[in-house]
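What follows is each chain in one-letter form.
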Amino acid sequence: MKVLGSFLGSVSRGVHPRQVGVAVFLGSLAGFTTGWNLTVAVVLVLALVLRHRWKVFFQSWGAFYGLGWIMTPWCYRTGHYLLEQTSLGSWLAPAADSLWLALLDWDRYCLVGGLFWGTVIGVAMGYLAASLTAALQRTALAVQQRAEQSKLKSWSWQLLCRMVFGTARVLPPPGSKPRWIAWTHATVLVAVVFPLAALGYVALPHGLW
């Protein structure tokens, strides 16, 4: 229900549909790769850099984490097939003993399969969420414009908006498409996270690398 509430909130507040779709896609990736691995950290870096709706992202993360847990047998079988029966395994074989592969956890069947299903489901659900957001925004704005032309019906529409969206009016989405990159977050990432990563690289014993 919270995911639905965030989705309707995005519709009413004029959030661009693409931002909703990106949030759902990233939430799917994070949900299927959650664990003690560097892969989910890479997804979080993408979440910092790309423009999306944070509330939808976090709630999608929780929902897809549950779905990923249910799909664990499928993730394992998919990962086993990808690593043993496709060129992916041979491509990763030279780095089998590297620290980065271990940190990414790409030698584990469940993680590789989860990354595959998270991508596939994330693309599908992200596209669906963006399309539904755009369709609902167009419909709600059209009904709102008709209601505002009649004072008798306007109050009933405002009441319905408060019950469904939590606000009396539905805002139109931005006229132009938002930029893909959140430059403020990207700047913070470069200024803080990368230096910390470099410090960790210097501090760790070089034999590990």
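Heads up: these notes are all about the structure in this document.

Rules used throughout
Every chain's residues receive numbers from 1 upward, in the order its sequence appears when written. The model is predicted, so local features are restricted to residues of pLDDT at least 70 and side-chain atom pairs to those at 80 or more, both for listing and for counting; the totals for chains, interfaces and linings are taken over all residues. No hydrogens and no water enter the side-chain calculation; it runs on all heavy atoms of the structure. A run of H or I in DSSP counts as a helix once it spans at least four residues, and a run of E counts as a strand once it spans at least two, with each numbered from the N terminus. The rule is simple: take the accessible area with a 1.4 Å probe, protein chains only, and divide by the maximum for that residue type; under 20% is buried, over 50% is exposed, in between is partly exposed. Residue contacts follow a heavy-atom distance rule, with two residues in contact if any of their heavy atoms lie within 4.5 Å. For accessible areas, the Shrake-Rupley method is used with a probe of radius 1.4 Å. Any residue's cover is judged against the shown protein chains and nothing else. Only centres within 6.5 Å qualify two rings of Phe, Tyr or Trp (six-membered ring in Trp) as a pair; their planes then separate them into stacked at under 30 degrees, edge-to-face at over 60, and tilted for everything else. Under this scheme, a helix contributes an axis fitted over its contacting stretch, all axes are lines through C-alpha atoms, and angles between N-to-C directions fall in the 0 to 180 degree range. Oblique is the label for every angle not falling under 35 degrees (roughly parallel), over 145 degrees (roughly antiparallel), or within 65 to 115 degrees (roughly perpendicular). Each residue is assigned to one of three groups, with Ala, Val, Leu, Ile, Met, Phe, Trp, Tyr, Cys and Pro labelled nonpolar, Asp, Glu, Lys and Arg labelled charged, and all others, Gly among them, labelled polar. Expected span of a helix, by definition, is 1.5 Å for each gap between consecutive residues, and there is one gap fewer than residues. Only buried residues count toward a nonpolar core, which is a set of Ala, Val, Leu, Ile, Met, Phe, Trp, Tyr and Cys residues joined through side-chain atoms within 4.5 Å. Two helices cross in a left-handed way if the nearer one is turned anticlockwise from the farther one by less than a right angle. They cross in a right-handed way if the turn is clockwise.

This part covers the overall build of the chain. Helix and strand content of the chain: ten helices and zero strands. A total of 209 residues make up the chain; the buried ones form 38% of that total. Counting only contacts in the chain whose residues sit at least 6 apart along the sequence, the fraction spanning at least 24 positions is 80%. In the structure as shown, the chain presents an accessible area of about 12,800 Å², 70% of it carried by carbon and sulfur atoms.

Given two aromatic rings, their pairing is described by the distance between the two centres and the angle made by the two planes. Summed over all chains, the structure comprises seven aromatic pairs. Seen from their ring centres, Phe116 and Trp117 are 5.3 Å apart, and the 80 degrees between their planes marks the pair as edge-to-face. A relative accessible area of 35% places Phe116 in the partly exposed class. By the ring-pair criterion, three or more aromatic residues cluster together here, those being Trp54, Phe57, Phe58 and Trp61.

In this section: the packing of helix H4 (residues 54–70) against helix H5 (residues 72–85). Running from N to C, H4 and H5 cross one another at 70 degrees; their axes reach a closest spacing of 4 Å. With respect to each other, H4 and H5 are oriented roughly perpendicular. Each of Gly68, Trp69 and Ile70 in H4 lies in contact with H5, whose residues at this interface are Thr72, Pro73 and Trp74. Among the residues making up the contact of H4 with H5, the classes are represented as four nonpolar, two polar and no charged.

Our next topic: the side chain of Gln19. Tracing the backbone shows Gln19 in helix H2 (residues 17–33). Not counting chain neighbours up to four residues away, the residues in contact with Gln19 comprise Arg51, His52, Arg53 and Pro178.

As a further point, take H2. Two residues of an α-helix separated by three or four positions point the same way, owing to the 3.6 residues in each turn. For H2, built from 17 residues, the straight-helix expectation of 24 Å at 1.5 Å per residue is met to within 8% by its first-to-last C-alpha distance of 25 Å. Along H2, 16 of the 17 residues are buried, which leaves the element largely enclosed by surrounding structure. In the stretch just after H2, Gly35 is the one whose phi turns positive, near 160 degrees.

Bringing H4 into the picture now. Spanning 17 residues, H4 covers 25 Å between terminal C-alpha atoms, matching the ideal 24 Å at 1.5 Å per step. Taken together, the buried positions of H4 are occupied by Val56, Phe57, Gln59, Ser60, Trp61, Phe64 and Gly68.

Once that is clear, we can look at the nonpolar core. Phe32 and Phe57 are the most contacted members of the largest nonpolar core, which has 20 residues in total. Residue contacts for Phe57: discarding those within four places in its chain leaves Ala23, Leu26, Gly27, Ala30, Leu44, Ala47 and His52. One finds Leu82, Leu92, Leu101 and Val112 within the second-largest nonpolar core, a separate group that totals five residues.

Glancing now at unusual backbone geometry. Peptide bonds are mostly trans, and most non-glycine residues show a negative phi. A positive phi angle, near 70 degrees, is found at Asp105, a position not held by glycine. Residue classification places Asp105 among the buried positions, given a relative accessible area of 14%.

Within the secondary structure layout, Phe116 lies in helix H8 (residues 109–148). As for Phe116 and Cys75, which are separated by 41 residues in sequence, their C-alpha atoms are 8.1 Å apart. Beyond its immediate stretch of four places on either side in the chain, Phe116 contacts Thr78 and Leu82.

One way to put it is that H2 packs onto H4 with a least axis distance of 7 Å and a crossing angle of 40 degrees. What the angle tells us is that H2 and H4 run oblique. Crossing geometry of H2 relative to H4 is assigned as right-handed. Contacts between H2 and H4 pair Val20, Ala23, Val24, Leu26, Gly27, Ser28, Ala30, Gly31 and Phe32 from the former with Val56, Phe57, Ser60, Trp61, Phe64, Tyr65, Leu67 and Gly68 from the latter.

Along the chain, Leu92 turns up in helix H6 (residues 87–92). Under the relative-accessibility criterion, Leu92 is labelled buried at 11%. C-alpha of Leu92 to C-alpha of Asp107: the two residues are 15 residues apart in sequence and 8.4 Å apart in space. Sequence-distant contacts of Leu92, defined by excluding residues within four places in its chain, comprise Leu83, Leu101 and Trp106.

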